[in-house]
Structures are given as C-alpha cells and as structure tokens.
Amino acid sequence: ESLVSLNTLLELISQKKIELCIPRQILDEFYRNKRTTSREFTKQFGKLNDLSIGVPKFLKSYKKVKILEENLKKMKKINREILEEYNNRVSNPKSRLNRQIKSIFSQAKKMEENDATLERAHYRTLRGNPPRKNNSTFGDAIIWETILKDLIDKDLTIISGDGDFSSEIDDEKIHEFLEYEWKEKTQKNLKFFVTLGRFIN
C-alpha cells in the first residue's frame, strides 16, 4: 500500500475512529516474509539489467539502433537507482516506511492465540474449511480462529488481498462460509476489503 494510506490509517487509529487488531500470526508472517518478499521483488526487477539486444553488425551504425542502445543504458542506470532506493526504504529502520509500520504495530491491539485456538485451526484445515491456501499450512485458519475467539463482540472489518478470505465467486466479498460462521456467533457487522486504500476511501 501507499505511504499515504498508511499515514491515513495512523490518523484513524490515533483519533480513535478505528481500533486496529492484529493477530500474532500476522505479525509473525510479516517479519518472516518481509525479507523474502523484498528479495523476490529485487530479483524480478533486476532482470531488466540483464536485458540486451543482439543487433547484427551491419545495423550497428544505424542511427535508431544507436538511440535504442543509449536508451537501454539509461534504463539500466535508472533501474539500479530504483532498486537502491527500494532496498533502502525496506531495510533502513529509519526510513519513513518502517517508521510508519512500527508506529502502526505499536498502536495495534495484539491478539495472541492459545493451544485451543491452534487446535481448532488445525482441524479447520483438515476439514477443508476456509480460509486456507493448502493443507500443509494453516496460518489463515489461526488468524480466523483468533478473530472468532476475541472479536465477535465488535463490528469487524477484514482487509486481506491474498484471496484466502474472499469468496470464490466474487473476490471483493468475504467467503460465504466465513460469513455464515460469523453470523452464527454474533449479530455484529462484518465487512471485507481487498485493499487498505479501498477501506480508507
């Protein structure tokens, strides 16, 4: 998400307009995956530096080929500068991005799971119930079981863009099974957004 969205989120939290609740599983996943995600972006974006053109020698003196080669050099230089800036913002604890994330996490309500939560999440996954990616991990199930344990007495908004909480029919809506479970346990409202930006808007 954009820094503007994160800044607006901070304002909403500090003004007590919303309460941000983060299950321990999400914090663990964030710190566990942050460097992996960064490496993957760097790897993919860095492929632009490997871009080259095989121009036949008899075209080397052609003016448009020279322009193309010059632009390719400029693009590679800009690409390196973008990667340096990206890595600085992600790695430097004093970067605006990391300061905002730290501030958001410090103001959030941390929700810890217990053995019973983990057991329910495990059996949820074995039964094939959402939310889940596959049968080998059940992090999303832990998140949902933590929510059902701690937050059914409040109106809830879930923001998730990875598809595990969304309907298979309409990915802009919460999965029907999760909505059914929520309504079985509480009369409170449940809303779902794919991005932080859409929620803020």
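Refer to the structure presented above.
Reference entry: report on the structure contained in this document. (Residues numbered from 1 in each chain as written. Predicted model: local features only at pLDDT ≥ 70, side-chain atom pairs only at ≥ 80, totals over all residues. Heavy atoms only, no water.)

Moving on: the overall build of the chain. Within the chain, the secondary structure is distributed over eight helices and four strands. Order of helices (α) and strands (β) in the chain, N terminus to C terminus: α-β-α-α-α-β-α-α-β-α-β-α. Rg of the C-alpha trace for the chain: 23 Å, well past the compact-globule value of 17 Å for 201 residues, more than 25% over. Dimensions of the chain, computed from the C-alpha atoms along their principal axes, are close to 75 × 40 × 30 Å. Scored against the burial criterion, the 201 residues of the chain give a buried share of 30%. The contacts in the chain between residues at least 6 apart in sequence include a share of 68% that link residues at least 24 apart. Counting 39 positive and 31 negative side-chain charges, the chain places the averaged centre of each group 10 Å from the other. (Helix = DSSP H or I, 4+ residues; strand = E, 2+ residues; numbered from the N terminus. Rg over C-alpha atoms; globule rule 2.2 N^0.38 Å. Buried < 20%, exposed > 50% of the residue type's maximum accessible area, 1.4 Å probe, protein only. Contact = heavy atoms within 4.5 Å. Lys, Arg positive; Asp, Glu negative; His and termini not counted. Charge placed at Lys NZ, Arg CZ, Asp CG, Glu CD.)

Locating Arg124 in the fold gives a position in helix H5 (residues 115–127). Reaching out from Arg124, the side chain makes a polar contact with the backbone oxygen of Pro130 at a distance of 2.5 Å. With sequence-adjacent residues up to four places away left out, Arg124 is seen in contact with Asn129, Pro130, Pro131, Ala141, Trp144, Glu145, Leu148, Phe177, Leu178 and Glu181. (Polar contact = N/O pair within 3.5 Å; in protein donor to acceptor, adjacent residues only side chain to side chain.)

In this section: helix H4 (residues 96–107). An ideal rise of 1.5 Å per residue puts 16 Å on 12 residues; H4 measures up with 17 Å between its terminal C-alpha atoms. Every buried residue of H4 is listed here: Asn98, Gln100, Ile101, Ile104 and Phe105. Along the long axis of H4, the arc covered by the buried residues comes to 160 degrees, so they all point the same way. Set apart from the buried face of H4 by more than 90 degrees, the exposed residues are Lys102 and Ser106. Those residues of H4 that are buried lie in contact with helix H1 (3–14), strand E1 (21–23), helix H2 (24–46), helix H3 (63–91) and strand E2 (109–111). (Expected span 1.5 Å × (residues − 1). Arc of directions from axis to C-beta.)

Residues Phe58, Leu59 and Tyr62 make up a contiguous nonpolar surface patch of roughly 340 Å² in combined accessible area. Mapped onto the elements, Leu59 comes out in the loop between H2 and H3. (Patch = residues over 30% accessible without salt bridge, like charges linked within 9 Å, V, L, I, M, F, W, Y side chains within 5 Å. Areas by Shrake-Rupley, 256 points an atom, 1.4 Å probe, with all protein chains shown as cover. Salt bridge = Lys/Arg side-chain N within 4 Å of Asp/Glu carboxyl O.)

Note on strand geometry: in a regular strand, side chains alternate between the two faces of the sheet. Here strand E3 (residues 156–159) shows one buried face, formed by Leu156 and Ile158, and one open face, formed by Thr157 and Ile159. Of the pairings in the sheet, the one linking E3 to strand E4 (residues 190–193) comprises four bridges and is parallel in character. Across the sheet, the residue bridging to Thr157 is Lys191, located in E4. Once the chain exits E3 it traverses helix H7 (residues 176–185) before rejoining the sheet at E4, and the crossover so formed is right-handed. (Pairing = 2+ DSSP bridges. Right-handed = clockwise from strand over helix to strand, strands pointing away.)

Okay, the environment of Met111 next. For Met111, the position within the fold is in strand E2. By relative accessible area, Met111 is classed as buried at 1%. As a C-alpha pair, Met111 and Thr146 span 35 residues in sequence and 7.1 Å in three-dimensional space.

Now for the packing of aromatic side chains. Working definition: an aromatic ring pair is given by the centre-to-centre distance plus the angle between the planes. The final tally for this structure, using the stated rule, is eight aromatic pairs. With a centroid separation of 4.3 Å and an interplanar angle of 45 degrees, the aromatic rings of Phe41 and Tyr86 are classed as tilted. With a gap of 45 residues between them, Phe41 in helix H2 and Tyr86 in helix H3 connect regions that are remote in the sequence. We classify Phe41 as partly exposed; its relative accessible area is 31%. For Tyr86, a relative accessible area of 22% corresponds to the partly exposed category. Between the aromatic rings of Trp144 and Phe165, the centroid separation amounts to 6.4 Å while the plane-to-plane angle is 65 degrees, which identifies the pairing as edge-to-face. One end of the pair, Trp144, is in helix H6 (residues 139–150); the other, Phe165, is in the loop between E3 and H7, and 21 residues separate them in sequence. (Phe/Tyr/Trp six-rings, centres within 6.5 Å; stacked < 30°, edge-to-face > 60°.)

Once that is clear, we can look at the packing of H2 against H6. Remark: H2 packs on H6, axes separated minimally by 8 Å, with the N-to-C direction vectors making an angle of 145 degrees. Between H2 and H6, the residues in contact are Gln25, Ile26 and Glu29 and Gly139, Ile142 and Ile143, respectively. A class-by-class count of the residues in the contact of H2 with H6 yields three nonpolar, two polar and one charged. (Axes fitted to C-alpha atoms, helices over the stretch in contact; angles between N-to-C directions. Nonpolar A, V, L, I, M, F, W, Y, C, P; charged D, E, K, R; others polar.)

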